[in-house]
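One letter stands for each residue in the lines below.
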Amino acid sequence: MVKLLNSLPRPELLILLTVLTALGCTLSPISLRPTDVPEPSKLAELEYIQSPQGLYGEVAWLDDETLAVQYRTGLLGALSPRIWRLALDGQSFEMMDLPKHVSCGPDGENGFEAPERLLDGRMSYFVACRPAGDTFNIKYYLMALDNQTGQVKQLLDYPMPESIVGTGGFQWNPTMSIGLMGNANRFISEQMYRLSKEGWEELDVGLAQAYGPSWSPDGEQIAFIGAKEKGSPLTFSDLGLYLMSADAEDVHPVLEGFRVASGVAWAPQGRWLAFPAAFGEGDTEKNSGLWLFDLDQDQVRQIAEGEFGLPRWSPDGQRIAVVQFLGPVDDREHRVAIVEVGPLLAD
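Per chain, the residues get numbers from 1 upward, laid out in the order the sequence is written. Whole-chain, interface and lining totals are the exception, using all residues; otherwise, since this is a predicted model, local features are given only for residues with pLDDT of at least 70 and side-chain atom pairs are given and counted only at 80 or more. Side-chain metrics rest on all non-hydrogen atoms present in the structure, leaving aside hydrogens and water.

K.L.:
Is there a simple way to think about the overall build of the chain in this case?
P.N.:
Looking only at helices and strands, the chain has three helices and 26 strands in total. To sort residues, take the accessible area from a 1.4 Å probe on protein chains only and compare it with the maximum for the residue type: under 20% means buried, over 50% means exposed, and anything in between is partly exposed. In the chain, which comprises 347 residues, the share counted as buried stands at 51%. Working rule for contacts: check all heavy atoms of both residues, and any pair within 4.5 Å makes them a contact. Partitioning the intrachain contacts of the chain with sequence separation of at least 6 by distance along the chain shows that 45% fall at a separation of at least 24. Using a 1.4 Å probe, the Shrake-Rupley method yields the accessible areas, and only the shown protein chains count as cover for residues. For the chain, the accessible area works out to roughly 16700 Å², and carbon and sulfur atoms hold 50% of it. The helix count covers DSSP runs of H or I at least four residues long, the strand count covers runs of E at least two residues long, and both are numbered beginning at the N terminus.

Right under this line is the structure:
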């Protein structure tokens, strides 16, 4: 395991920390500068699921043996994504028959994307709606599918504030009373919305960028990706892993000094945060990986090498489903993978 502290605190260091805390002093977050690339001690086992070539987006666990995956065959437009059911053994890959949104009318176009597993076992997703003859009017609605009965329900009585899904998708708190989602101004100046059944509001956490949220299992904290400066499509931002309270107070970083992170996922056990990122300078592909931050030990470790999308924990917290991006940008292959992280958590 990679430790950002060289060793566990010695007795004299513990005494010093106690004195500083009593005096009201605060400690800086763990910071990895771009040249500090942690060396992996042991990587997790990673297995690819056999599935057709194409463009894969978010993934979600439907049950222990099945994923829901956002998929399309190519760059076919904003409404081309669909959600497919993918068996972990690769023996089944079928498009889910989701209903069109009523606001689109019989001749409107619909797209389906960003599946998420809810705590009650349902699958939430977005349906995009473009009425016939209204080229530029696309609205997104948050829905939920009961995988047992096939019943579909709209979760919020209004369309999303943006006509695109924010980076990191939509994340409910455990009681499904408050949700968070980015405004999709990706890697430049993205900020989050706070949404409830009553409506939505912009959330200002005091950072130039804030996106990719994930709630703690007890609903008391929120983890997200943040940056102190605005980004640019031509350069990489210096990012950090942040925590804040459920009411968006006490915003503070726990890890800084990485790039190219699309979001974070809080483990069901409450101890680990999984996130994709690139540490170090130079070629992003060579320095990218999937990482775990241990909240109990204030340590970060790499669990897989390469470029990844949003990680999603299995309900038992032993596996992570994620899309890996292989090859150069102009000829990139998307592969759905399962990371067997359970054995590493026991180390």
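K.L.:
Would you mind showing me how to read the sheet that holds strand E10 (residues 152-154) here?
P.N.:
Sheet strands associate in pairs through backbone hydrogen bonding, adopting either a parallel or an antiparallel arrangement. Only strands that DSSP links by at least two bridges are regarded as paired with each other. Taking strand neighbours across the sheet as the criterion, the four strands line up as E7-E8-E9-E10 in an open arrangement whose pairing is antiparallel. In this open sheet, the two edge strands, each paired with only one partner strand, are strand E7 (109-117) and E10. Going from strand to strand, the sheet's axes swing by 30 degrees on average, the running direction of each strand aside. As paired elements, strand E8 (residues 123-130) and strand E9 (residues 139-145) share seven bridges and run antiparallel to each other. When the sheet's bridge partners are listed, Cys-129 is paired in E9 with Lys-139. Axis definition: a line fit to C-alpha positions, over the contact stretch in the case of helices; interaxial angles, taken between N-to-C directions, run 0 to 180 degrees.

K.L.:
I'm lost on the state of the cysteines in this one. Help?
P.N.:
Cysteine pairs can be linked by a disulfide, which is a covalent bond between their two sulfur atoms. When the sulfur atoms of two cysteines come within 2.5 Å, that pair is taken as a disulfide. For the coordinates displayed, the defined rule picks out one disulfide. The disulfide partner of Cys-104 is Cys-129, and the S-S distance across this bridge is 1.8 Å. Around the S-S axis, the bridge from Cys-104 to Cys-129 shows a dihedral of about 140 degrees and counts as right-handed. Here Cys-104, found in the loop between strand E6 (93-95) and E7, pairs with Cys-129, found in strand E8; they are 25 residues apart in sequence, far enough to count as distant. Judged by its relative accessible area of 6%, Cys-104 falls in the buried class.

K.L.:
Honestly, the pairing of strand E22 (residues 299-305) in this entry has me stumped. Any pointers?
P.N.:
When a strand is regular, its side chains alternate between the sheet's two faces. With six of seven residues buried, E22 is to be regarded as a mostly interior element. Examined bridge by bridge, strand E21 (residues 288-294) and E22 share six bridges and lie antiparallel to one another. Note that in E22 the partner of Leu-290 across the bridge is Ala-304. With antiparallel pairing between neighbouring strands as the criterion, E21 and E22 make up a hairpin whose turn holds four residues, including Asp-298 at a positive phi of roughly 55 degrees.

K.L.:
Please clarify how the side chain of Arg-130 should be interpreted in this entry.
P.N.:
Along the polypeptide, Arg-130 turns up in strand E8. Contact partners of Arg-130, with chain neighbours within four places excluded, come to Leu-79, Cys-104, Gly-108, Glu-109, Thr-135, Asn-137 and Ile-138.

K.L.:
Could you clarify how one ought to interpret unusual backbone geometry in this entry?
P.N.:
Leave glycine aside and you will find that most residues have negative phi; peptide bonds, for their part, are mostly trans. Positioned with a positive phi, Phe-187 is a non-glycine residue whose angle comes to about 60 degrees. Secondary-structure assignment places Phe-187 in the loop between strand E12 (179-182) and strand E13 (192-196). Look at Val-260: it is not a glycine, yet its phi comes out positive at around 50 degrees. For Val-260, the position within the fold is in the loop between strand E18 (252-258) and strand E19 (265-266).

K.L.:
Help me out: how do you make sense of the environment of Gln-221 in this one?
P.N.:
With respect to the helices and strands, the residue Gln-221 is situated in strand E16 (residues 221-227). The sequence separation of Gln-221 and Leu-243 amounts to 22 residues, and the corresponding C-alpha distance is 6.7 Å. Discounting chain neighbours no more than four positions away, the residues touching Gln-221 are Ser-214, Trp-215, Ser-216, Leu-243, Met-244, Ser-245, Ala-246 and Trp-266.

K.L.:
Would you explain the pattern of salt bridges in this entry?
P.N.:
Charged atoms that come close allow side chains of opposite charge to pair. Throughout this description, the term salt bridge denotes a Lys or Arg side-chain nitrogen within 4 Å of a carboxyl oxygen of Asp or Glu. The tally for this structure, following the rule as stated, stands at 10 salt bridges. Here Arg-194 makes a salt bridge to Glu-201, at a shortest N to O gap of 2.9 Å. Measuring nitrogen to oxygen at the nearest pair gives 3.2 Å for the salt bridge that ties Lys-228 to Glu-256. Taken as a pair, Lys-228 in the loop between E16 and strand E17 (239-245) and Glu-256 in strand E18 lie far apart in primary sequence, 28 residues in all. Residues joined in a network through salt bridges with shared partners are Arg-271, Asp-294 and Asp-296.

K.L.:
Help me understand the packing of aromatic side chains, please; the structure alone is not making it clear to me.
P.N.:
The geometry of two aromatic rings is summed up by the distance between their centres and the angle between their planes. Side-chain rings of Phe, Tyr and Trp, where Trp is taken by its six-membered ring, are said to pair if the distance between their centres is within 6.5 Å; with planes under 30 degrees apart they count as stacked, over 60 as edge-to-face, and otherwise as tilted. Inspection of the entire model under this criterion finds 15 aromatic pairs. When the centroid spacing of 5.1 Å and the interplanar angle of 80 degrees are considered together, the rings of Tyr-193 and Trp-200 count as edge-to-face. Overall, Tyr-193 belongs to the buried group, its relative accessible area being 5%. Judged by relative accessible area, Trp-200 falls into the partly exposed class, the value being 42%. Seen from their ring centres, Phe-279 and Trp-291 are 4.5 Å apart, and the 75 degrees between their planes marks the pair as edge-to-face. With Phe-279 in the loop between strand E20 (272-278) and helix H2 (284-287) and Trp-291 in strand E21, the pair connects residues that are 12 residues apart, well separated along the chain. As far as burial versus exposure is concerned, Phe-279 and Trp-291 are alike and both buried.

K.L.:
So what exactly am I meant to see when it comes to the pairing of E7 here?
P.N.:
With seven of its nine residues buried, E7 lies for the most part within the structure. Examined bridge by bridge, E7 and E8 share seven bridges and lie antiparallel to one another. Residue pairing for E8: Phe-112 is matched across the bridge by Val-127. Taking the residues between adjacent antiparallel strands as the criterion, E7 and E8 are bridged by five residues, where Gly-121 takes a positive phi near 95 degrees.

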